[in-house]
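Each chain is listed here by its residues.
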Amino acid sequence: MTPIVTEARAKLNLTLDVLGRREDGYHDLCMVMQSVALCDTVTIEREEGGKGIKVRSDLDFLPSGRNNLAAAAAIRLCDEAWRDSDGLRIRLDKAIPVCAGMGGGSSDAAAVLRALNEAWKLGYPRERLAEIGADVGSDVPYCVLGGTALAEGRGERLTPLPALPWCFVVICKPHFSISTPELFERIDGMKISCHPDTKGMLKALERGDVLGVARRMYNVFEDVLPRNQGSTVAEIKDILLQHGALGACMSGTGPTVFGLYDDIVKAWRACHALRKSYEQTFLTVTV
Ligand code: C5P
């Protein structure tokens, strides 16, 4: 098997609403998702005579076995397609911040599904790959499709949306990480008083109105962050807005914050200002 090299793009939540806890312990969500050019590079090859699946990464703390979503996706696809997973070697060159609310692990998993589907000529349509991905993680189905999309249910019910017109995005990851299950638990114990205007967001996307989109960006998890974390997120949003962002919001369960810009000079200045305190700050574009 010739090595396959592919990209795994980061995702952002333009909106994130939690509608309620389900009987299976998950939550019903309503999210408008957007992919950006910032990406990991995923390389897959087969070691002749090798045993099992192994993942290597430039970040040595990432799991190397099936606890890594990329390996889990490969195993799930091999089971589905009656393929041998022995000897598969996955290399992840990470650019997407880890545990950051940007779907990095899910996107690596989705990239593995897409790449093996193509290399092995399995012929699964994207929708089937997304279903397979749902067994690996709630964000994987969206990452298989990418672009601008509405994600509902656990995150697996997807509706493609009109693409957000091309704009610049500054992404900033604070120094702390947030546990996704813990934040979901925290939101269960609180009353959500403010929700995103998802209908308004969908209409703004239909009109191709970037300012309308930026003004409606909202993530209910921002309101339930512990005080210290909440103030860091608010401070980063302020810096993004002071530098001319059309809107700013936290992505997923955080803590990454992003701002949308229609002007590269403003975006670059924001990026430069934030990098002084946060080295994981990036300037990218919507895709
Ligand atoms: O599906 P995934 O493994 O990515 O989810 C990680 C955790 O996030 C789950 O264990 C659950 O605590 C929480 N979650 C949730 N509702 C969702 C998605 C994730 O409660 N729709």
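Before reading further, recall that the structure is shown in the block above.
Residues numbered from 1 in each chain as written. Predicted model: local features only at pLDDT ≥ 70, side-chain atom pairs only at ≥ 80, totals over all residues. Heavy atoms only, no water.

Take the overall build of the chain next. For the chain, the helix and strand inventory stands at 9 helices and 11 strands. In summary, the chain has a C-alpha radius of gyration of 19 Å against a globular reference of 19 Å for 287 residues, a match within 12%. Dimensions along the principal axes, computed over C-alpha positions, put the chain at roughly 55 × 40 × 35 Å. Long-range contacts, defined as pairs at least 24 residues apart, comprise 73% of the intrachain contacts of the chain with a sequence gap of at least 6. By element, 49% of the accessible surface of the chain is carried by carbon and sulfur atoms, the whole surface being about 13200 Å². The average position of the 34 basic charges and that of the 37 acidic charges among the side chains of the chain differ by 2 Å. (Helix = DSSP H or I, 4+ residues; strand = E, 2+ residues; numbered from the N terminus. Rg over C-alpha atoms; globule rule 2.2 N^0.38 Å. Contact = heavy atoms within 4.5 Å. Areas by Shrake-Rupley, 256 points an atom, 1.4 Å probe, with all protein chains shown as cover. Lys, Arg positive; Asp, Glu negative; His and termini not counted. Charge placed at Lys NZ, Arg CZ, Asp CG, Glu CD.)

The next thing to look at is the environment of T43. Looking at the element boundaries, T43 is found in strand β2 (residues 27-46). Every residue in contact with T43, bar those within four places of it in the chain, is listed here: P3, I4, V5, R89, I90 and R91.

This next bit is on the environment of V32. One can find V32 in strand β2. Between the C-alpha atom of V32 and that of P160, which follows or precedes it by 128 residues, the distance is 9.7 Å. Leaving out residues up to four positions away in the same chain, V32 has contacts with L12, N13, L14, T15, A149, L150, L161, T198, M201, L202 and L205.

Below, the discussion takes up the sheet that holds strand β11 (residues 281-285). Sheet architecture is open: 4 strands sit in the order β9-β10-β7-β11, paired in antiparallel fashion. Two strands in the sheet have a free side with no partner beyond their single neighbour: β9 (247-250) and β11. Along the sheet, successive strands turn relative to each other by an average axial angle of 20 degrees, direction set aside. Here strand β7 (residues 168-172) runs beside β11; their pairing, made up of 5 bridges, is antiparallel. (Pairing = 2+ DSSP bridges. Axes fitted to C-alpha atoms, helices over the stretch in contact; angles between N-to-C directions.)

Around the ligand lies a shell formed by G25, Y26, H27, L29, G137, S138, R154, T180, P181 and F184. Taking S138, its side chain carries an N or O atom lying 2.5 Å from an oxygen atom of the ligand. Measuring from a nitrogen atom of the ligand, one finds a backbone N or O atom of R154 at 3.0 Å. Protein chains shield 72% of the accessible area of the ligand, which is 450 Å² for the free molecule. Where the shell around the ligand is concerned, the elements lending two or more residues are β2 and α5 (180-188). Ranked by residue count, the leading element in the shell around the ligand is α5, at 3 residues. (Near = heavy atom within 4 Å. Polar contact = N/O pair within 3.5 Å; in protein donor to acceptor, adjacent residues only side chain to side chain.)

What the rule picks out here adds up to 2 aromatic pairs. The interplanar angle of 70 degrees and the centroid separation of 5.2 Å between the aromatic rings of W166 and F168 together place this pair among those described as edge-to-face. Ring geometry for F184 and F221: centres 5.0 Å apart, planes at 85 degrees, overall edge-to-face. Of this pair, F184 sits in helix α5 while F221 sits in the loop between β8 (218-219) and α8 (227-242), placing them 37 residues apart in sequence. Its end group placed over the ring of Y26, R154 keeps NZ or CZ at 4.7 Å from the ring centre. (Phe/Tyr/Trp six-rings, centres within 6.5 Å; stacked < 30°, edge-to-face > 60°. Lys NZ or Arg CZ within 6 Å of the ring centre and 35° of its normal.)

Another aspect to go through is the pattern of salt bridges. Close approach of charged atoms lets side chains of opposite charge pair. Scanning the model with the defined rule gives 16 salt bridges in all. Across the pair K11 and D139 runs a salt bridge, and its minimum N-O distance is 3.8 Å. Of the two residues, K11 is situated in strand β1 (residues 4-21) and D139 in the loop between α3 (126-134) and α4 (140-145); the sequence distance between them amounts to 128 residues. Of the charged contacts in the structure, one is a salt bridge between D28 and R22, with a shortest N-O distance of 3.2 Å. Connected through salt bridges with shared partners, the residues R76, E80, R128, E131 and D135 form a single ionic network. (Salt bridge = Lys/Arg side-chain N within 4 Å of Asp/Glu carboxyl O.)

Going from G254 to P255, the amide bond is cis rather than trans, its omega being 5 degrees. For P255, the location among the structural elements is in the loop between β9 and β10 (257-261). Phi is positive for W82, close to 55 degrees, though the residue is something other than glycine. You can see W82 is positioned in the loop between α1 (69-81) and β4 (88-93).

Attention now moves to helix α9 (residues 264-275). If you check α9, its first and last C-alpha atoms are 16 Å apart, about what 12 residues at 1.5 Å a residue would give, namely 16 Å. Considered for burial, the residues of α9 that qualify are A267, A270, C271 and L274. Looking straight down α9, one finds its buried side chains confined to an arc of 100 degrees; they lie on one side. A distance of 2.8 Å separates the backbone nitrogen of V265 from a side-chain oxygen at the start of α9, and that oxygen is part of D263. (Expected span 1.5 Å × (residues − 1). Buried < 20%, exposed > 50% of the residue type's maximum accessible area, 1.4 Å probe, protein only. Arc of directions from axis to C-beta.)

Moving on, we come to the state of the cysteines. All chains considered together, the criterion is met by 0 disulfides. Distance from the sulfur of C30, which forms no disulfide, to the nearest cysteine sulfur (C249) is 14 Å. You can see C143 has no disulfide; the closest cysteine sulfur is in C39, sitting 13 Å from it. A residue is classified by how much of its surface remains accessible, and C143, at 6% relative accessible area, is buried. (Disulfide = S-S within 2.5 Å.)

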